[in-house]
Amino acid sequence: MGPADSPFVDAIRHVVTIRLEPDLDDSLRAPLEADLHQLVAEHPYAISATLHRDLDRRPAAPVTATWLVCMDFASMGDFEKYLTDPLHVDFLTTHQPSMTFITAMQIPLADFI
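On a predicted model such as this, the values are computed, not experimentally measured, just so you know. (Residues numbered from 1 in each chain as written. Predicted model: local features only at pLDDT ≥ 70, side-chain atom pairs only at ≥ 80, totals over all residues. Heavy atoms only, no water.)

Caption draft 1: Highlighting the overall build of the protein. Each helix and strand counted, the protein has three helices and four strands in total. Taken along its principal axes, the extent of the C-alpha atoms in the protein is 50 × 30 × 20 Å. Looking at the protein as a whole, 36% of its 113 residues are labelled buried. Considering only residue pairs separated by 6 or more positions, the protein has 76% of its internal contacts joining residues 24 or more positions apart. For the protein, the accessible area works out to roughly 6,600 Å², and carbon and sulfur atoms hold 58% of it. Looking at charge distribution, the protein has the averaged site of its 7 positive side-chain charges lying 9 Å from that of its 17 negative ones. (Helix = DSSP H or I, 4+ residues; strand = E, 2+ residues; numbered from the N terminus. Buried < 20%, exposed > 50% of the residue type's maximum accessible area, 1.4 Å probe, protein only. Contact = heavy atoms within 4.5 Å. Areas by Shrake-Rupley, 256 points an atom, 1.4 Å probe, with all protein chains shown as cover. Lys, Arg positive; Asp, Glu negative; His and termini not counted. Charge placed at Lys NZ, Arg CZ, Asp CG, Glu CD.)

Caption draft 2: Representation of the packing of helix α1 (residues 26-42) against helix α3 (residues 86-95) in the model. Where α1 meets α3, the axes come as close as 10 Å, and the angle between the chain directions of the two elements is 160°. Between α1 and α3, the interaxial angle falls into the category roughly antiparallel. Note on packing geometry: the crossing formed by α1 with α3 is left-handed. Along its contact with α1, which presents Pro31, Leu32, Asp35, Leu36, Gln38, Leu39 and Glu42, the element α3 presents Leu87, His88, Phe91 and His95. The class makeup of the residues in the contact of α1 with α3 is six nonpolar, three polar and two charged. (Axes fitted to C-alpha atoms, helices over the stretch in contact; angles between N-to-C directions. Parallel < 35°, antiparallel > 145°, perpendicular 65-115°, else oblique. Left-handed = near helix turned anticlockwise from the far one by under 90°. Nonpolar A, V, L, I, M, F, W, Y, C, P; charged D, E, K, R; others polar.)

Caption draft 3: Structural detail: the environment of Lys81. Looking at the secondary structure, you find Lys81 in helix α2 (residues 76-84). In the structure, Lys81 is positioned 54 residues away from Ser27 in sequence and 30 Å away in space, judged by C-alpha atoms.

Caption draft 4: Broad picture of the pairing of strand β1 (residues 12-19). Across the eight residues that make up β1, a large majority, eight, are buried. Of the two faces of β1, the one holding Ile12, His14, Val16 and Ile18 and the one holding Arg13, Val15, Thr17 and Arg19 are both buried throughout. Relative to strand β3 (residues 67-73), β1 runs antiparallel, the two being bridged by seven bridges. Looking at β3, one finds that Val16 is bridged to Val69. (Pairing = 2+ DSSP bridges.)

Caption draft 5: Summary view of the pattern of salt bridges. Enumeration according to the criterion identifies five salt bridges in this entry. In this structure, Glu33 engages Arg29 in a salt bridge whose closest nitrogen and oxygen atoms are separated by 3.5 Å. Taken together, the residues Glu33 and Arg29, both in helix α1 and four residues apart, mark about one turn of the helix. For Glu33, a relative accessible area of 16% puts it in the buried group. The class for Arg29 is buried, based on a relative accessible area of 11%. (Salt bridge = Lys/Arg side-chain N within 4 Å of Asp/Glu carboxyl O.)

Caption draft 6: Highlighting the nonpolar core. Within the largest apolar cluster, 19 residues are counted, with the highest numbers of intra-cluster contacts made by Ile18, Leu20, Leu36, Met71, Phe73 and Phe91. Elements with a contribution of two residues or more to this core: β1, α1, β3 and α2. (Core = buried A, V, L, I, M, F, W, Y, C linked by side-chain atoms within 4.5 Å.)

Right under this line is the structure:
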């Protein structure tokens, strides 16, 4: 069975990297990380989601991300619903100002099968 025969032919993987400065005040870091864990645990509209923390090997390097989020969606339509879900919108509205950077990309899941 090739990628075109997969039931995930229309599925996408949403990959996000987030950098938090090592000296970010705990009054900002703790609620951000708690809400990030909740977002990944509930993963509205996603088939699955995982959250990964950097090993802090080089935390001062300006290109090092602190967190990586990986979510799989059955379709672009499901991903677009996720983008407007209140849990996602509230997370970004509340916490994006505390992030040094946040990047995202969407990849066809069939590329991984």
